[in-house]
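One-letter residues, chain by chain:
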Amino acid sequence: MPRMPSGDHPIGANGHSERESSPYVELDRSAWASLAEEVEDPLSEGEVERLRGLGDYLDLEEVRQVYLPLSRLLSLRVDAAERLHREQEGFLHRPQPPRTPFVIGLAGSVAVGKSTTARVLQQMLAHWPAHPNVVLVTTDGFLLPTAELDRRGLLHRKGFPESYDRKALLRFVIAIKSGRDEVMAPVYDHLTYDIVPGEHVVVRQPDIVIIEGLNVLQPARVREDGRAGLALSDFFDFSVYVDAATSDIRQWYVERFLRLRETAFRDPASYFTRYAALSREQAVETAEQIWDSINGPNLVQNILPTRGRADLVLRKDRDHSVRYVRLRKL
Ligand SMILES: Nc1ncnc2c1ncn2[C@@H]1O[C@H](COP(=O)(O)OP(=O)(O)O)[C@@H](O)[C@H]1O
Ligand SMILES: CC(C)(COP(=O)(O)O)[C@@H](O)C(=O)NCCC(=O)O
């Protein structure tokens, strides 16, 4: 019996599903994973092991079967962009300035696994010789400082589009895609739950920039005069949306909160240090309350509606394994 991954169209014998009326092609897990056999793993065994050290639990088979083909696909797109750039510059009779960095937007809910995915991709992409300098930037650096959120009555809307300095974020991406040698981004500290005053990360001549955040696929804002401005994604060369059932993401959020209660919240400098003293039951209740009042509504109202704008959707199952990959047709 063919499986129906997204409702209405069967996956064929080769694991591909494609309807003429849809701009996407879907590959089920086995079809996607079989691509890994054709790709040489750029990471040594030790490096793959070390990927585990980057985050919490990471299934190394999953890294090989899912993230290796994804990094290869991205690498193909980077190479193709380089070729297109050369041809276009030749056509324009221009002096062939270097190509601007390839920018990948990585979107999805709080706790869906964006950071984990971004770090794995960064490591893998950096190993393909054509583009060794892969920089990862998270959009939390562009959140408004806590005092400003307070002033605007947005303390309980952290992560919503309006809680960011959207102009600064757009300027940052434009600077990257203008080919500037050095671009700076502000820094957010999860411990103090605030922007670090005066601190910046400096992005220097990257080959690839991964911009990871909840709202990176938000459409352009419509201004008062009725005209739409530019969207961040207008400057993306490729975008990925990490997707899962909302009930699973909520569960992952609660589990991560419980782990943080055992670790980071114990630090007296932590904004959430008061949560360290909660019983397990109280901690679950607190996490669920934060999810149900902030992160859940943000997912439904703002983030999920941007899924269709992504070039590629990674759909995860309850155990974090990727069930299918949906790719926009070229
Ligand atoms: N591929 C994966 N395998 C196992 N656990 C994962 C995977 N991706 C994410 N997680 C877990 O899910 C939780 C949320 O992931 P994280 O990357 O921190 O999410 P986000 O950056 O989207 O908030 C973390 O506890 C993380 O360990
Ligand atoms: C910092 C975040 C807004 C995510 O930022 P991003 O890097 O995706 O822009 C989010 O992780 C967060 O802290 N949300 C506030 C609600 C909460 O504490 O869960």
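Above: the structure in question.
In this report, the structure presented in the accompanying data block is examined. (Residues numbered from 1 in each chain as written. Chains lettered and ligands numbered in written order. Predicted model: local features only at pLDDT ≥ 70, side-chain atom pairs only at ≥ 80, totals over all residues. Heavy atoms only, no water.)

On a plain count of helices and strands, the protein comes out with eight helices and 10 strands. A globule of 330 residues ought to have a C-alpha radius of gyration of about 20 Å, and the protein, at 21 Å, matches this closely. Counting only C-alpha atoms, the protein reaches 60 × 55 × 50 Å along its principal axes. Out of the 330 residues in the protein, the part that is buried amounts to 48%. Long-range pairs, those at least 24 residues apart, make up 67% of the contacts in the protein between residues at least 6 apart in sequence. Surface accessibility of the protein: about 17100 Å² in total, with carbon and sulfur atoms responsible for 51%. Averaging the locations of the 43 positively and 48 negatively charged side chains of the protein gives two centres separated by 4 Å. (Helix = DSSP H or I, 4+ residues; strand = E, 2+ residues; numbered from the N terminus. Rg over C-alpha atoms; globule rule 2.2 N^0.38 Å. Buried < 20%, exposed > 50% of the residue type's maximum accessible area, 1.4 Å probe, protein only. Contact = heavy atoms within 4.5 Å. Areas by Shrake-Rupley, 256 points an atom, 1.4 Å probe, with all protein chains shown as cover. Lys, Arg positive; Asp, Glu negative; His and termini not counted. Charge placed at Lys NZ, Arg CZ, Asp CG, Glu CD.)

Turning our attention to the pattern of salt bridges. Applying the stated criterion across every chain, the model contains 19 salt bridges. In this structure, Glu-182 engages Arg-204 in a salt bridge whose closest nitrogen and oxygen atoms are separated by 2.8 Å. Of this pair, Glu-182 sits in strand β5 (residues 182–189) while Arg-204 sits in strand β6 (residues 194–204), and the two are 22 residues apart along the sequence. Under the relative-accessibility criterion, Glu-182 is labelled partly exposed at 42%. Judged by relative accessible area, Arg-204 falls into the partly exposed class, the value being 49%. As a salt-bridge pair, Asp-243 and Arg-307 come within 3.0 Å of each other at their nearest N and O atoms. One end of the pair, Asp-243, is in strand β8 (residues 238–243); the other, Arg-307, is in the loop between α8 (280–303) and β9 (312–316), with 64 residues separating them in the sequence. Judged by relative accessible area, Arg-307 falls into the partly exposed class, the value being 27%. Taken together, the salt bridges that share partners define one network made up of Glu-82, Arg-86 and Arg-99. (Salt bridge = Lys/Arg side-chain N within 4 Å of Asp/Glu carboxyl O.)

A word on the layout of surface pockets. One number sums up the size of the second largest pocket: a volume of about 540 Å³. In this structure, the second largest pocket is lined by 19 residues; those nearest its centre are Arg-166, Leu-170, Ala-220, Arg-221 and Leu-230. A breakdown of the residues in the lining of the second largest pocket according to their chemical character gives 11 nonpolar, four polar and four charged. (1 Å grid on protein atoms, 1.4 Å probe; cavity = no way out; pocket = protein on both sides within 12 Å on 5 of 7 lines; lining within 4 Å. Points joined across faces, edges and corners; volume = space filled by probe spheres on them. Nonpolar A, V, L, I, M, F, W, Y, C, P; charged D, E, K, R; others polar.)

Moving on: the packing of aromatic side chains. For the structure shown, the criterion picks out 11 aromatic pairs. Where Tyr-193 meets Tyr-271, the ring centres are 4.6 Å apart and the plane angle is 20°; that geometry is what we call stacked. One end of the pair, Tyr-193, is in the loop between β5 and β6; the other, Tyr-271, is in the loop between α7 (246–262) and α8, and 78 residues separate them in sequence. Owing to a relative accessible area of 22%, Tyr-193 belongs among the partly exposed residues under this scheme. Seen from their ring centres, Phe-265 and Phe-272 are 5.3 Å apart, and the 50° between their planes marks the pair as tilted. (Phe/Tyr/Trp six-rings, centres within 6.5 Å; stacked < 30°, edge-to-face > 60°.)

Next up on the list: the site of ligand 2. In the region of ligand 2, 14 residues are neighbours, and Thr-139, Asp-140, Tyr-164, Tyr-253 and Asn-295 sit closest. For the shell around ligand 2, a count of residues per class yields seven nonpolar, five polar and two charged. (Near = heavy atom within 4 Å.)

With that settled, the discussion passes to the site of ligand 1. Close contacts around ligand 1 come from 15 residues, with Ala-111, Lys-114, Ser-115, Thr-116 and Arg-259 the closest. Here an oxygen atom of ligand 1 sits 3.0 Å away from a polar atom, N or O, in the main chain of Gly-113. Protein contacts shield 91% of the accessible area of ligand 1, which totals 560 Å² for the unbound molecule. The set of elements that each furnish at least two residues to the shell around ligand 1 consists of α4 (114–126) and α7. Here the shell around ligand 1 is built from residues that sort into five nonpolar, five polar and five charged. (Polar contact = N/O pair within 3.5 Å; in protein donor to acceptor, adjacent residues only side chain to side chain.)

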